[in-house]
Structures are given as C-alpha cells and as structure tokens.
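Chain by chain, the residues run as shown.
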Number of protein chains: 2
Amino acid sequence: MTSTDHHDPEGRPAVRPTRQRRAVAAALAGFDDFRSAQEIHDLIKEQGDSVGLATVYRTLSTLADAGEVDMLRNEDGEAIWRSCSDTHHHHLVCRTCGATVEVEGPAVERWTNAIAQEHGYADLSHTLEIFGTCPACR
Amino acid sequence: MTSTDHHDPEGRPAVRPTRQRRAVAAALAGFDDFRSAQEIHDLIKEQGDSVGLATVYRTLSTLADAGEVDMLRNEDGEAIWRSCSDTHHHHLVCRTCGATVEVEGPAVERWTNAIAQEHGYADLSHTLEIFGTCPACR
DNA sequence: CCACGTTTGACAATGGTTCTCAACAGTGGT
DNA sequence: ACCACTGTTGAGAACCATTGTCAAACGTGG
C-alpha cells in the first residue's frame, strides 16, 4: 500500500461526498419514523433535488452497512429505513402512521444470547420489532 | 342463516379437502425447518404430485391464518414457512442450513407488552427471530 | 345426478430491488 | 488549471417473489 492509493489508513475504500449522498442524508434528517426507499426518493424530489432510485437504494444500503441507518422489514417484507442512534435497539412501530419509538431491551439481548449458546448457535443476529396502533391512530 | 348454507356453526366458510391441499400438507410434514413457497412447490413435484404455484401460496396463507403453519421472513424479506405447534413461540434459525429450534420466551412476551402499554400502543404483534450458524455448519 | 359455490391452474400483472453500462464527477498529482 | 484514475450515477432492463384474473374443474348437500 503506497501513498498513491485512495484508501484511508484502515483500508476502507474512499467514499466521496456527492450531491446525491448529501440529498439522501438531508432527506433522512427530515423524518424520524421508518420510510421505504421509494418514499425517501419522493421526499428528495419534494426537496427540489433529483437522485435516481437506484442511487437511493445504493446509498441507503451503504449507510446501513456503516451502521448509520436502521433497516428493517415491515409486515409485508418491504425494507424500511431511518437514521438511528448508534446503540443496538429495537422498535415499536405504528402500523398506521409509522410513528416509531426506539426501545432498548438488555434483558432481551441477554435472553437471545443465552438461548443461542444453549443450542450451540454462533455468529448471531436477531430481529425484534413490535407493531401496533399508536394512541393518535386509535 | 338456514340449513342450506355451507358454513359451519361458527360462520366460517367451508374448506374443502382437495388433492392439492393434501399434497401441501404432506409436503409440510416432510421437513421441520423453514422453506420458501417455491421450495415447497418443488417438494410436491418430487413427491409425484402436481399443484400450481399460486395454489401453494394460497394454501400456505390459509394455513397460516388458521395458525397451522408459521410464516416468517428471512433476512432477504422472503416468506418462509413450516408447520408449527399451536403455542406462540419464536425461532432460532440456522442461516446456512435452515435448521430451526422453536423457542419460547414468556419473559420476552411480557417485556413487549409492557413496553407497548407504556407508550400507549394497542393491537400488538411482534416478531422475534434469531439467526445464527448451527453447530453442524460451523 | 344436479345445481351451486369453491378451488384450481396457466398466465399476466405487480412491485420492490438489483443489475448493466456508458456518461459523469471527485481526487491527488503535476 | 489539467490529467488520469476510479468511484458514482442514472435510465432502463432484468429479476423474482407474490398476487390477480377468470374460465374450467371439482366437492358438496340435496
């Protein structure tokens, strides 16, 4: 590795700050519930920007890999996204309006780890999402 | 409602025992991990039967509504199915071979209910699935 | 055996997501 | 400022799981 490569000291490939990525970030900053990629794409359009749908998907995936956004699936299996805090947590999502409460469950984390170890499973991941109807939509 | 309608006393529409539904049930009896609708469709073909893919989907949905099979989504958002016991439970699923352990989590159930009530959410449902690598695939 | 409502299957249609690939745009060096 | 080098983008095609359509086939109770 020489001084001419475009990687940072940790070896990650360079990520360029483009107009499109800024637009996606701006859109993400504009809501705090979960939205689909298409909805985010529409939001960007409403903000006067123009970013291709494929780019929205690419950017969201990248951000999710970097841990900067949460991606989860609604009851239909569609991916929905939002920017998130950096601690591991779960969500209580309103089925009707999408209002989201971020919840932590240390007890749950411990429980899943215990169960998995008990059965010899390694390299764990888990999903825990609660769907319901929020007070405003009742 | 007269004696001529084809509904049972509870008002549920009649469900007819057809060759196709028997074939799906037979296929479901043949494995105890989670399979996609397409895989189940293939299994039926291997068993010498022939059932349309749309019918497989319809039958699986019906069985899921009736609580006779579990449907959940893998990490790609695809629906996967298997016959299940009748109590509410969660799953520890091997990412590689699909081996599944059915686990109960009364503590988790209580926790989700408490969290939801605390925030005023009603009409709850929740998903909790653990993915990992089983001992055999390690 | 009949009449009626249910179920099925072949195929089209949907819809979310990813792929393709040529045009474009940051970057670091000169 | 200019260049060469790559990472990035966009339009649209391609994918693929899932659902809709509708006429033909089937199970049921009478």
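Attention in this report is confined to the structure presented alongside it.

Reading guide: rules and limits
Residues numbered from 1 in each chain as written. Chains lettered and ligands numbered in written order. Predicted model: local features only at pLDDT ≥ 70, side-chain atom pairs only at ≥ 80, totals over all residues. Heavy atoms only, no water. Least-squares fit on C-alpha atoms with pLDDT ≥ 70 in both. Contact = heavy atoms within 4.5 Å. Buried area = accessible area lost by both parts, 1.4 Å probe. Salt bridge = Lys/Arg side-chain N within 4 Å of Asp/Glu carboxyl O. Polar contact = N/O pair within 3.5 Å; in protein donor to acceptor, adjacent residues only side chain to side chain. Helix = DSSP H or I, 4+ residues; strand = E, 2+ residues; numbered from the N terminus. Nonpolar A, V, L, I, M, F, W, Y, C, P; charged D, E, K, R; others polar. Pairing = 2+ DSSP bridges. Buried < 20%, exposed > 50% of the residue type's maximum accessible area, 1.4 Å probe, protein only. Near = heavy atom within 4 Å.

## A word on the relation of the copies chain B and chain A
Item 1. Rotating chain B by 180° and moving it 0.0 Å along the rotation axis overlays it on chain A with an RMSD of 0.1 Å. The symmetry that links the two subunits is that of a two-fold axis.
Item 2. Of all interface residues in chain B, 100% are interface residues in chain A too; the two copies therefore contact each other through one and the same surface.

## A look at the interface of chain B and chain A
One frequent convention defines the size of an interface as the accessible area lost when the parts assemble.
Item 1. Taken together, the contacts link 37 residues of chain B with 37 residues of chain A.
Item 2. Here chain B packs against chain A, burying approximately 3,100 Å² in sum over the two surfaces, 62% of which is carbon and sulfur.
Item 3. Considering only the surface of chain B that becomes buried against chain A, Trp111, Tyr121 and Ile130 of chain B emerge as the three largest contributors, covering 22% of it.
Item 4. Viewed at the interface, chain A and chain B are joined by two salt bridges.
Item 5. The shortest N-O distance in the salt bridge between Arg95 of chain A and Asp123 of chain B comes to 3.4 Å.
Item 6. Linking chain B with chain A are 18 residue pairs in polar contact (both at pLDDT 80 or more), by the criterion used here.
Item 7. When residues of the side of chain B that touches chain A are traced back to their parent elements, those giving at least two are strand 4 (90–94), strand 5 (100–103), helix 4 (106–118) and strand 6 (122–133) of chain B.
Item 8. Element by element, the count of residues in the side of chain B that touches chain A is highest for strand 6 of chain B, at twelve residues.
Item 9. Residues of the side of chain B that touches chain A, tallied by class, amount to 18 nonpolar, eleven polar and eight charged.
Item 10. With nine bridges connecting them, strand 6 (residues 122–133) of chain A and strand 6 of chain B associate as antiparallel partners. Looking at the pairing, Ala122 of chain A lines up with Thr133 of chain B of strand 6 of chain B.

## Describing the pattern of salt bridges
Item 1. Counted by the stated rule, this structure contains ten salt bridges over all chains.
Item 2. The partner of Arg35 of chain A in a salt bridge is Asp33 of chain A, with the nearest N and O atoms 3.0 Å apart.
Item 3. The exposure class of Arg35 of chain A is partly exposed, given its relative accessible area of 24%.
Item 4. The exposure class assigned to Asp33 of chain A is buried, which follows from its relative accessible area of 11%.
Item 5. Notably, a salt bridge pairs Arg95 of chain A with Glu75 of chain A, separated by 3.3 Å at the nearest N-O pair. Placement of Arg95 of chain A in the loop between strand 4 (90–94) and strand 5 (100–103) and of Glu75 of chain A in the loop between strand 2 (69–73) and strand 3 (79–83) is noted, with a sequence separation of 20 residues between them.
Item 6. Using a relative accessible area of 39% as the deciding quantity, one classes Glu75 of chain A as partly exposed.
Item 7. Beyond isolated ion pairs, a larger network of salt bridges with shared partners links Glu75 and Arg95 of chain A together with Asp123 of chain B.

## A look at the protein's contact with DNA strand D
Item 1. Near DNA strand D there are 22 residues, and of these Arg21, Thr55 and Arg58 of chain A together with Tyr57 and Ala79 of chain B occur at the shortest range.
Item 2. The sugar-phosphate portion of DNA strand D accounts for 68% of its atoms within 4 Å of the protein, the bases making up the rest.
Item 3. One nitrogen or oxygen atom from the side chain of Arg58 of chain A is found 2.8 Å from a base nitrogen belonging to DNA strand D.
Item 4. Residue assignment for the surface near DNA strand D shows that the elements contributing at least two residues are helix 1 (19–29) and helix 3 (53–65) of chain A together with helix 3 (53–65) of chain B.

## Focus: the sheet that holds strand 2 of chain A
Two pairing modes exist for strands in a sheet, parallel and antiparallel, and in both the strands are linked by backbone hydrogen bonds.
Residue and element names in this part refer to chain A.
Item 1. Pairing is antiparallel in the open sheet, where three strands are placed in the order 1-3-2. Two strands in the sheet have a free side with no partner beyond their single neighbour: strand 1 (35–36) and strand 2.
Item 2. With five bridges connecting them, strand 2 and strand 3 associate as antiparallel partners. Bridging across to strand 3, Leu72 finds its partner in Ile80.

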